[in-house]
Amino acid sequence: MKPRTLPDELLVRLAHEHGTPLYVYDGATITARARELLDLRASSGRGFDAVRYAQKANPSLAILRLLRSEGCHVDAVSGGELRRALAAGFAARDVLFCADLFDHDALALLAQHPFQLNAGSPFMLAQYAQLNPPRRDIVLRVNPGFGHGHDRKVTTGGEHSKHGIWHADLPAVAREARELGLDVAGLHVHIGSGSDLEHLSRAADALVAAAPLFASTLSSLSAGGGLPIPYRAGEPRFDCRPLAEVWDRARTRVERELGRSLRLELEPGRFLVAESGVLLAEARGSKRAGAVEYLFVDAGFHNLVRPAMYGAHHEISVLGRDAEPHVPQAVAGPLCESADVFTQAKGGALEPRALPRAQPGDVVCFHDAGAYAAAMASGYNSQLLAAEVLVHNGTARLVRPRQTHEALLRPELDLLE
Ligand code: LLP
């Protein structure tokens, strides 16, 4: 069992006060992870010049503000995320827009504010140049020809990934950028989510190889995100030092070649927030289907889709019952969908888990739900988006209210009446 960072009594009280499903985030965990990365130093004494939070992991304004106050920069992938970055108080110049296409909304925002563009597709350059954007320095996201992540669905390099500019196309893209009057100031690579040191290090070589093409304009390199966290009890924590070492060496090689110093960025999402969060649900009852015992809770894949989507593992506990006998149970939610089970393997096979038996009303806690949980929530089966609480500096604060049925129905009714 992974230890919970917030006391059980507090979690139970919050579940009763705000209802379930409920996300609860621990601000101290977020600031500790941010400081770990901001303070990271390679043996040269240098670290990452910017830690850029990939807000897709959790776009809560409260969390964005917390990370801004720690000194993080931010990444955005949509017009909505650009607006969130501004609403959280980030200066537009500290926001990097990273996408493989523009929609009209994002383009309009890029025309208005000095956000920086990280282009993941060659066709974006001409569209961007046409805007007469406030910034002509851009970043290119490189697809190095390979990727790696905790699941093939989160692998973002290689021919089977839609992301980034194919490495062999970079010379042509360099020429096109020059013709359009754009300066390629940065090179960026992100090969996948939940990767490992070996692959994250190999990605550095791709940028070292590409850098000479942009020798006259290059001023920064980005290592992307993808740092894993231990989802299972007893799994070792990812050691960030070797990663800083490898990327610092890559930067130094490029600096020697270009004869000037470069900034180095890291762009983590999961690492900063995943372990800060829990999803709290209420046990509603148990039943059997043949040999399988099901525990039903009032949260489902509309609150945490990772098990259904990737067969991802999240530790589960029944608060107050750690000491009771554990029996294998499949934990299921309320959705009218067979995939609405939290205990499943990749491919969907049921994987009952040894858990204490819960009584209706017990609070069931899904661990490590700070990243890609609320962020990927849906309204399937007319379920409401759940409330979110941030516990920080001794206070627990509701930072997002539960959606209401009125808010769901009213706009439709207004159109029909
Ligand atoms: N930078 C770029 C360009 C990205 O595409 C991503 C993640 C990140 C940074 C942050 O990656 P992280 O440090 O969080 O691994 N929903 C999936 C993860 C999808 C990640 C998408 N891009 C999951 O729940 O595992």
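Further up the page is the structure itself.
Asker: Explain the environment of Cys98 here, please?
Answerer: As for its placement among the helices and strands, Cys98 is situated in strand S4 (residues 95-99). Given a relative accessible area of 6%, Cys98 falls into the buried group. In sequence terms Cys98 and His148 are 50 residues apart; their C-alpha atoms lie 19 Å from each other. Residues in contact with Cys98, not counting those within four places in the same chain, are Asp75, Ala76, Val77, Asn118 and Arg141.

Asker: Could you clarify how one ought to interpret the packing of helix H4 (residues 79-87) against helix H5 (residues 104-112) in this entry?
Answerer: Angle between the axes and distance between the axes: these two values describe a pair of packed helices. Taken N-terminus to C-terminus, the directions of H4 and H5 make an angle of 40°; their axes are 8 Å apart at the nearest point. In terms of axis orientation, H4 runs oblique to H5. Contacts between H4 and H5 involve Gly79, Gly80, Leu82 and Arg83 from the first element and Asp105, Ala106 and Leu109 from the second. In terms of residue class, the contact of H4 with H5 is built from 3 nonpolar, 2 polar and 2 charged.

Asker: Help me out: how do you make sense of the packing of aromatic side chains in this one?
Answerer: Two descriptors summarise a pair of aromatic rings, namely the distance from one centre to the other and the angle between the planes of the rings. As enumerated under the stated definition, the model contains 6 aromatic pairs in all. Taken together, a centroid distance of 6.2 Å and an interplanar angle of 10° make the contact between Phe97 and Phe102 stacked. This pair shows no difference in class: Phe97 is buried, exactly as Phe102 is. Where Phe342 meets Phe366, the ring centres are 4.2 Å apart and the plane angle is 35°; that geometry is what we call tilted. Of this pair, Phe342 sits in the loop between strand S14 (326-332) and strand S15 (353-356) while Phe366 sits in strand S16 (residues 363-366), and the two are 24 residues apart along the sequence. With respect to class, Phe342 is no different from Phe366; both count as buried. Taken together, the ring pairs in this structure connect Phe97, Phe102 and Tyr128 into an aromatic cluster. The ring of Phe146 carries the charged tip of Arg202 above its face, separated from the ring centre by 4.0 Å.

Asker: Just to check I follow, could you spell out the site of the ligand for this structure?
Answerer: Taken together, 20 residues lie around the ligand, and His150, Ser193, Glu267, Arg306 and Tyr372 are the ones closest in. One of the side-chain N or O atoms of Glu267 is found 2.6 Å from a nitrogen atom in the ligand. The fraction of the free accessible surface of the ligand (570 Å²) that becomes covered by protein chains is 93%. Taken atom by atom, the bulk of the ligand overlaps the largest pocket. For the shell around the ligand, a count of residues per class yields 7 nonpolar, 8 polar and 5 charged.

What counts and what doesn't
Residues numbered from 1 in each chain as written. Predicted model: local features only at pLDDT ≥ 70, side-chain atom pairs only at ≥ 80, totals over all residues. Heavy atoms only, no water. Helix = DSSP H or I, 4+ residues; strand = E, 2+ residues; numbered from the N terminus. Buried < 20%, exposed > 50% of the residue type's maximum accessible area, 1.4 Å probe, protein only. Contact = heavy atoms within 4.5 Å. Axes fitted to C-alpha atoms, helices over the stretch in contact; angles between N-to-C directions. Parallel < 35°, antiparallel > 145°, perpendicular 65-115°, else oblique. Nonpolar A, V, L, I, M, F, W, Y, C, P; charged D, E, K, R; others polar. Phe/Tyr/Trp six-rings, centres within 6.5 Å; stacked < 30°, edge-to-face > 60°. Lys NZ or Arg CZ within 6 Å of the ring centre and 35° of its normal. Near = heavy atom within 4 Å. Polar contact = N/O pair within 3.5 Å; in protein donor to acceptor, adjacent residues only side chain to side chain. Areas by Shrake-Rupley, 256 points an atom, 1.4 Å probe, with all protein chains shown as cover. 1 Å grid on protein atoms, 1.4 Å probe; cavity = no way out; pocket = protein on both sides within 12 Å on 5 of 7 lines; lining within 4 Å. Sits in = over half its atoms within 2 Å of the grid points.

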